[in-house]
Amino acid sequence: MFIDSEFSSLEAPALLSFGAATAEGQTFYTEIEHDRPIAYSAFVEQSVLPLMENFPMTRADAAQQFLHWLHGLADGRAVRLISDSGFDRWALGELLGTEDAPDGAVWQRAPVAYSELDRLSEELRLRRHHALDDALALRCAVLGDSSFKRAGSDGRPIEAQPLAIQRN
């Protein structure tokens, strides 16, 4: 499972969104609401906030939905959570409210060059610096698969029409 996150700034990070994509194409995306003002870096204001879908939920609700989704897909099997940055490991901890990975899950960093993620995002018409789209680009980079197929509700693969607008 490939994960990515967006956060407010490097100086005072607040989790903004979290996305995940499985090797088979199932996806998860959430945005986090905050009960206090957040200071955003100029980069986040210019590159991340315009991509937000503006349907935030509480961290607790987002964590519960992610764990339900994760455990449903795992079906008792071990899960490897793969990200390109240690910040995504931090984001997972922020989302879940614990430093520990979910039961049955381990984290692995996949050092993928930002230039490769930029290239794949452009090629696949993904929104760069959107947590779900970045997780999809990472998936393609690690698996060497740029012909993304998303799984339908019956689990069978379906062709993605532009990925940037395909959501579960």
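Residues numbered from 1 in each chain as written. Predicted model: local features only at pLDDT ≥ 70, side-chain atom pairs only at ≥ 80, totals over all residues. Heavy atoms only, no water.

A.B. asks: Tell me what's going on with the confidence of the model for the protein, and back it up with residues and numbers.
C.D. replies: On average, residues of the protein score 87 in pLDDT, and 86% of them are at 70 or above. Taken as a whole, residues 150–168 scores under 50 in pLDDT and shows 36 contacts with residues more than four places along the chain or in a different chain. (pLDDT = per-residue confidence, 0-100. Contact = heavy atoms within 4.5 Å.)

A.B. asks: Provide a residue-level description of the packing of aromatic side chains, including the pertinent values.
C.D. replies: Scanning the entire structure with this criterion turns up six aromatic pairs. Their ring planes at 80 degrees and their centres at 5.1 Å tell us that Phe18 and Phe66 sit as a pair that is edge-to-face. One end of the pair, Phe18, is in strand 2 (residues 15–21); the other, Phe66, is in helix 2 (residues 59–74), and 48 residues separate them in sequence. Accessibility classification places Phe18 together with Phe66 in one group, the buried group. Put simply, the rings of Phe18, Phe28, Phe66 and Trp69 touch in pairs and so form one group of aromatic residues. (Phe/Tyr/Trp six-rings, centres within 6.5 Å; stacked < 30°, edge-to-face > 60°. Helix = DSSP H or I, 4+ residues; strand = E, 2+ residues; numbered from the N terminus. Buried < 20%, exposed > 50% of the residue type's maximum accessible area, 1.4 Å probe, protein only.)

A.B. asks: For helix 5 (residues 131–143), give the residues involved together with the corresponding values.
C.D. replies: Taking 1.5 Å of rise per residue, 13 residues should cover 18 Å, and helix 5 covers 18 Å from first to last C-alpha, within 8% of that figure. Here helix 5 lies mainly inside the structure; ten of its 13 residues are buried. Every buried residue of helix 5 is accounted for by Ala131, Leu132, Asp133, Asp134, Ala135, Leu136, Ala137, Leu138, Arg139 and Cys140. Positioned one or two residues after helix 5, Gly144 has a phi angle of 65 degrees, which is positive. (Expected span 1.5 Å × (residues − 1).)

A.B. asks: Any details on the pairing of strand 2? Residues and values, ideally.
C.D. replies: With respect to burial, strand 2 is a largely interior element, seven of its seven residues being buried. Note that strand 2 and strand 3 (residues 27–32) share five bridges and pair antiparallel. The residue of strand 3 that forms the bridge with Phe18 is Thr30. Turn length for the strand 2-strand 3 hairpin, with the two strands adjacent in sequence and antiparallel, is five residues, and the turn residue Gly25 shows positive phi of about 110 degrees. (Pairing = 2+ DSSP bridges.)

A.B. asks: Pulling in residues and values, what's your account of the layout of surface pockets?
C.D. replies: Of the volumes computed, that of the largest pocket is approximately 420 Å³. Along its surface, the largest pocket is lined by 21 residues, and Glu6, Phe7, Phe43, Tyr114 and His129 are the ones closest to its centre. Those elements that place two or more of their residues in the lining of the largest pocket are strand 1 (2–7), helix 1 (42–48), helix 3 (86–96) and helix 4 (114–123). By residue number, the principal contributor to the lining of the largest pocket is strand 1, which donates four residues. A per-class count over the lining of the largest pocket returns eight nonpolar, six polar and seven charged. (1 Å grid on protein atoms, 1.4 Å probe; cavity = no way out; pocket = protein on both sides within 12 Å on 5 of 7 lines; lining within 4 Å. Points joined across faces, edges and corners; volume = space filled by probe spheres on them. Nonpolar A, V, L, I, M, F, W, Y, C, P; charged D, E, K, R; others polar.)

A.B. asks: Describe the side chain of Ser83, naming the residues involved and giving the relevant values.
C.D. replies: With respect to the secondary-structure elements, Ser83 resides in strand 5 (residues 79–83). At 2.9 Å, the side chain of Ser83 forms a polar contact with the backbone oxygen of Ser85. At 2.9 Å, the side chain of Ser83 and the side chain of Trp107 are in polar contact. The residues touching Ser83, leaving out its near neighbours within four places in the chain, are Ile3, Asp88, Trp107, Gln108, Arg109, Ala110 and Leu138. (Polar contact = N/O pair within 3.5 Å; in protein donor to acceptor, adjacent residues only side chain to side chain.)

A.B. asks: Account for unusual backbone geometry, naming residues and giving values.
C.D. replies: A positive phi angle is found at Asn54, which is not glycine, with a value near 60 degrees. Here Asn54 is to be found in the loop between helix 1 and strand 4 (56–57). Take Asn54: its relative accessible area is 59%, and that puts it in the exposed class. With phi around 50 degrees, Asp75 is a residue other than glycine that occupies positive phi space.

A.B. asks: Any details on helix 2? Residues and values, ideally.
C.D. replies: End to end, helix 2 covers 22 Å across 16 residues, agreeing with the expected 22 Å (1.5 Å per residue, within 8%). Looking at the buried side of helix 2, the elements it contacts are strand 2, strand 3, strand 4, strand 5 and helix 3. Downstream of helix 2 by one or two residues, Asp75 has phi in the positive range, about 50 degrees.

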